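Chain by chain, the residues:
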Amino acid sequence: MEVKVSKAQVTHIQADGRSSKPSKGWKRLFATKSIDRLQADAKNSMLERTLNAADLAAIGIGGIIGAGIFVLTGIAAAKNAGPAVVLSFVVSGVAASTAALSFSEMASLIPLSGSTYTYVYATMGELAGWIIGWDLILEYLVGAATVSVGWSGYFRSFLKNTFGIQISERYTSAPIVFDTDTQSFRMSGNVLNVPAIFITLTISILLYTGVRESARVNTVIVITKLLVIVLLILACIRHVDPKNYTPFFPPNEGAFSMYGASGMFTAATTIFFSYIGFDAVTTVAQEAKNPERDLPIGICASLIICTVLYIAMCMIMTGVVPYKELNSPSPISVVIEYTGMSWLTIIVEFGALIGLTSVMLVFLLAQSRVFYSMAHDGLLPSCAAKIHKKFRTPWVTTVVSGSSCAILGGVLPVDILGEMSSVGTLFAFVLVNIGVIILRIKRPDLPRRFKVPFGPYVIPVLGVILSVLLICAATVSTITRLFAWIGVGLVIYGLYGRTHSKINEPISDVQNYEMNRVGSISESV
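Analysis parameters
Residues numbered from 1 in each chain as written. Predicted model: local features only at pLDDT ≥ 70, side-chain atom pairs only at ≥ 80, totals over all residues. Heavy atoms only, no water. UniProt positions renumbered as here; feature names shortened; annotations may be inferred. Axes fitted to C-alpha atoms, helices over the stretch in contact; angles between N-to-C directions. Helix = DSSP H or I, 4+ residues; strand = E, 2+ residues; numbered from the N terminus. Parallel < 35°, antiparallel > 145°, perpendicular 65-115°, else oblique. Contact = heavy atoms within 4.5 Å. Nonpolar A, V, L, I, M, F, W, Y, C, P; charged D, E, K, R; others polar. Buried < 20%, exposed > 50% of the residue type's maximum accessible area, 1.4 Å probe, protein only. Phe/Tyr/Trp six-rings, centres within 6.5 Å; stacked < 30°, edge-to-face > 60°. Polar contact = N/O pair within 3.5 Å; in protein donor to acceptor, adjacent residues only side chain to side chain. Left-handed = near helix turned anticlockwise from the far one by under 90°.

Under the annotation held in an unreviewed UniProt entry, the chain carries the name Amino acid transporter and is attributed to Basidiobolus ranarum. UniProt's Subcellular location (unreviewed entry) comment on the chain is quoted here verbatim: "Membrane".

Axis separation between helix α5 (residues 85-109) and helix α11 (residues 291-320) bottoms out at 9 Å; the angle between their running directions is 175°. In terms of orientation, α5 lies roughly antiparallel with respect to α11. Here Val-85, Val-86, Phe-89, Val-90, Ala-96, Ser-97, Ala-100, Leu-101, Phe-103, Ser-104, Ala-107 and Ser-108 of α5 come into contact with α11, specifically with Glu-292, Leu-295, Pro-296, Ile-299, Cys-300, Leu-303, Tyr-310, Ile-311, Cys-314, Met-315 and Thr-318. Among the residues making up the contact of α5 with α11, the classes are represented as 18 nonpolar, four polar and one charged.

This part is about unusual backbone geometry. Each neighbour pair has its own omega, and for Thr-246 with Pro-247 the value is -5°, a cis peptide bond. With respect to the helices and strands, the residue Pro-247 is situated in the loop between α9 (211-236) and α10 (260-271). Backbone geometry at Phe-454 places phi at a positive 65°, although glycine is not the residue there. Take Phe-454: it is sitting in the loop between α15 (414-442) and α16 (458-472). When its relative accessible area of 65% is taken as the criterion, Phe-454 is described as exposed.

Our focus in this paragraph is the packing of aromatic side chains. Scanning the entire structure with this criterion turns up 14 aromatic pairs. On the numbers, 5.8 Å between centres and 15° between planes, the contact of Trp-130 with Trp-134 is stacked. Separated by four residues within a single helix, Trp-130 and Trp-134 lie in helix α7 (residues 126-163), roughly one turn from each other. The pair formed by Trp-130 and Trp-134 is uniform in burial state, with each residue classed as buried. With a centroid separation of 5.7 Å and an interplanar angle of 65°, the aromatic rings of Tyr-259 and Tyr-323 are classed as edge-to-face. A residue pair is termed long-range when its members are at least 10 positions apart, and Tyr-259 in the loop between α9 and α10 and Tyr-323 in the loop between α11 and α12 (331-339) qualify at 64 residues. With respect to class, Tyr-259 is no different from Tyr-323; both count as buried.

This brings us to the environment of Ala-280. The topology assignment puts Ala-280 in the loop between α10 and α11. Residue classification places Ala-280 among the buried positions, given a relative accessible area of 1%. Considered as a pair, Ala-280 and Arg-369 are 89 residues apart in the sequence and their alpha carbons are 9.6 Å apart.

On to the environment of Tyr-121, then. Within the secondary structure, Tyr-121 is located in helix α6 (residues 116-124). Each C-alpha atom of the pair Tyr-121 and Ile-132 lies 8.8 Å from the other, and the pair is 11 residues apart in sequence. What Tyr-121 contacts, discounting residues up to four positions off in sequence, is Ala-31, Thr-32, Lys-33, Glu-126, Gly-129, Asp-377, Leu-379, Ser-501 and Ile-503. Here Glu-126 takes part through its side chain, which lies 2.8 Å from a polar atom of the side chain of Tyr-121.

Turning to the packing of helix α3 (residues 53-64) against α11, a few remarks are in order. Relative orientation of the contacting elements α3 and α11 amounts to 40°, with a least axis distance of 8 Å. For the element pair α3 / α11, the angle class is oblique. Remark: the crossing between α3 and α11 carries right-handed chirality. Facing Ala-53, Leu-56, Ala-57, Gly-60, Ile-61 and Ile-64 of α3, the residues of α11 in contact are Asp-294, Leu-295, Ile-297, Gly-298, Ser-302, Leu-303, Ile-305, Cys-306 and Tyr-310. Considering only residue class, the contact of α3 with α11 consists of 11 nonpolar, three polar and one charged.

See below:
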């Protein structure tokens, strides 16, 4: 099919998405993608649209409820906050809710798979977009690796309690550990975390075969784990001892992160990882049937449901068990042991296993879509934007994400991975909140199916402040690793992304625009 494109049409298309001449020098770094062009890209997506609002809410819940409730809650209470970990979840929940509202507005306006990466690219330019896209690896890829380590711990416990099978720690723990006293890594003597690698590769195969099938499996898993959590809360509530809530704020023991108000905020930073997941809903925007309406529903519904369950679980755990005894890879097992209801052990450990499985599924799904969007823009090799002919999935990025996650989960400990993922996510939330403000100022004319309440400043500014405070509460070593990670990303951008970016190739971009619109093109201008 031959399509003739006039000079007037080219001018219109370029004004819609690119300048008529490539940006030069430092200006290239701040070139932004037009909202109108992004919306046109969304309508011409090659990905299959199969997800409804319920599917999106299930993806959000599947991503949120996992390591936070089954793993990190006990550790944060034991090491940082004591019973005040309940307030840590409240603080993190408020910060997450501000980001959720901003994500909802951006998702309804720009229903593309790139999530934060796409929103920042459209509002702050290519360099900022690259930085946040690189940063999202900490949220999704490293987040999935964190959960895989927690999954391994519960898997080992489940086999022991259910079938009497004892797996050697040499094959279920990381060969590398982090010494908090010396702030250095050392070898543990273990071989590999084999269960973490196994579950990662299994999920990757499922994601490779299609998003519809993955969404159905996730929905079944989400319903099951919600039932398990409600059962646990109802069964343990009568074993709560109010004495365990005293002192609610344990006195600080000298270090900033060890109890007291500062410890509560440190715990809030650590368990902010628990709220990661609702933003993953936006990464499947191009696979949603009605993204402008259903994305905000999925984001907000999943966050509200999970926040209520988190607070309830914190009250139960710290009320049943003295907080210092919750420092365990599987703290819920400790709670059950205190209650004497051994019959709950197998049920809860099974619920934890499938719960963590759904988190990994959502994170790996999200990571592959972010990589796909970056490759589509030329910032990553074009092969990463390939769509499988049969399954209609970005198969290259799915394979890369799964393999990388398996390596990380197999060799690194959960505490290092969890902190890195939390800080990386908070950084992303800061930029999304700022993006809402920028678009309200620059493009107030755009129709918005969902708008952040109370105007463009109150909630986004509050979200920025809370996110920055939580970042500052992280350990120095974690923040240092974050900047080191961004530094590595900038080097890669300088060597590859800057020179291959499609935003600075207007003519070829016109061809790409028309190809998406009509299927094929042979143009002459």
